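Architecture and fold: a report
Each chain, written out:
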Amino acid sequence: MKRIAVLASGRGSNFQAVIDAIADGRIPAVCCGLVTDNPSAYAVTRAEKAGIPVFIVDFTTFPSKDAYEQALLRVLNDLSADLYILAGYMRIVGPNIVHRLKGKMINIHPALLPSFPGLHAQRQALAYGVKVSGCTVHFVDEGMDSGPIIVQASVPVMEGDDEESLAGRILAEEHRCLPAAICLFCEGRLEIRDRRVSVLPEPGDRSRTGRKIP
Ligand code: GAR
């Protein structure tokens, strides 16, 4: 069984999707911890309900971003997870942590990257006037939402959508894509070459073409 750890800053509905997928056997892993920068995040309540250890690294109690990141890295190292998942973790992860956890950290973003990286992705998509948006699960690299892409799913942008309605439609896809990507990682089926991620076939499946992902 792989060990996975989740970093979340708020509501934690993606974290819940991961908890549920582990519980019903869709992800072959144990969740060894929730790490949060925000002690009042609802994700903490979700972890407690699921019996998952909580590690609070409260950003506001550190004198600098550097000091915060050092404490965060200690917690992440102590967890010895195979995979670290940014699920609504609303801070930029510093280069030191990214470098040390290269290939072992993934993020979910509410847009079809490389369009609309950063904050308020749904607002950016509406302002631009795109007709299709969606979500992306990707490995974390030193850039802003720029790492190798694992899974994407699209949703239509409807006439009359506002940020909330579009975010809700995207969120439903996030809850499907994030567990799917984690499952592929835990099964050892992701291969990163340069910035492209290949999904290896399931053991026993000889065909490498025409596969539906996820
Ligand atoms: C999700 O939509 C996630 O994609 C987004 O925050 C939301 C968290 O919701 N993350 C980002 O925008 C990161 N740049 P949740 O707390 O209910 O999972």
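For the structure given in this document, a descriptive report is provided here. (Residues numbered from 1 in each chain as written. Predicted model: local features only at pLDDT ≥ 70, side-chain atom pairs only at ≥ 80, totals over all residues. Heavy atoms only, no water.)

Attention now goes to the site of the ligand. Near the ligand you find R11, G12, S13, N14, G88, M90, I108, H109, P110, L171 and E174, and these make up its full shell. Here an oxygen atom of the ligand sits 2.6 Å away from a polar atom, N or O, in the side chain of R11. Take N14: an N or O atom from its main chain is 2.9 Å from an oxygen atom of the ligand. When isolated, the ligand has an accessible area of 450 Å², and the protein chains bury 88% of it. Cavity membership is defined here by more than half of the atoms lying within 2 Å of grid points; on that basis the ligand lies in the largest pocket. At the level of secondary structure, the elements contributing two or more residues to the shell around the ligand comprise α1 (13–23), β5 (105–109) and α6 (163–186). Looking at the shell around the ligand residue by residue, the class counts come to four nonpolar, five polar and two charged. (Near = heavy atom within 4 Å. Polar contact = N/O pair within 3.5 Å; in protein donor to acceptor, adjacent residues only side chain to side chain. Areas by Shrake-Rupley, 256 points an atom, 1.4 Å probe, with all protein chains shown as cover. 1 Å grid on protein atoms, 1.4 Å probe; cavity = no way out; pocket = protein on both sides within 12 Å on 5 of 7 lines; lining within 4 Å. Sits in = over half its atoms within 2 Å of the grid points. Helix = DSSP H or I, 4+ residues; strand = E, 2+ residues; numbered from the N terminus. Nonpolar A, V, L, I, M, F, W, Y, C, P; charged D, E, K, R; others polar.)

A separate point is the pairing of strand β2 (residues 29–36). Along β2, seven of the eight residues are buried, which leaves the element largely enclosed by surrounding structure. Bridge analysis of strand β1 (residues 2–7) against β2 gives six bridges, and the strand direction is parallel. Looking at β2, one finds that K2 is bridged to A29. At this point the chain moves from β1, through α1, to the parallel β2, and the crossover so formed is right-handed. With three bridges joining them, β2 and strand β3 (residues 54–56) adopt parallel strand pairing. Bridged to L34 within β3 is V54. Note that the unit made of β2, helix α2 (residues 42–50) and β3 has a crossover that is right-handed. (Buried < 20%, exposed > 50% of the residue type's maximum accessible area, 1.4 Å probe, protein only. Pairing = 2+ DSSP bridges. Right-handed = clockwise from strand over helix to strand, strands pointing away.)

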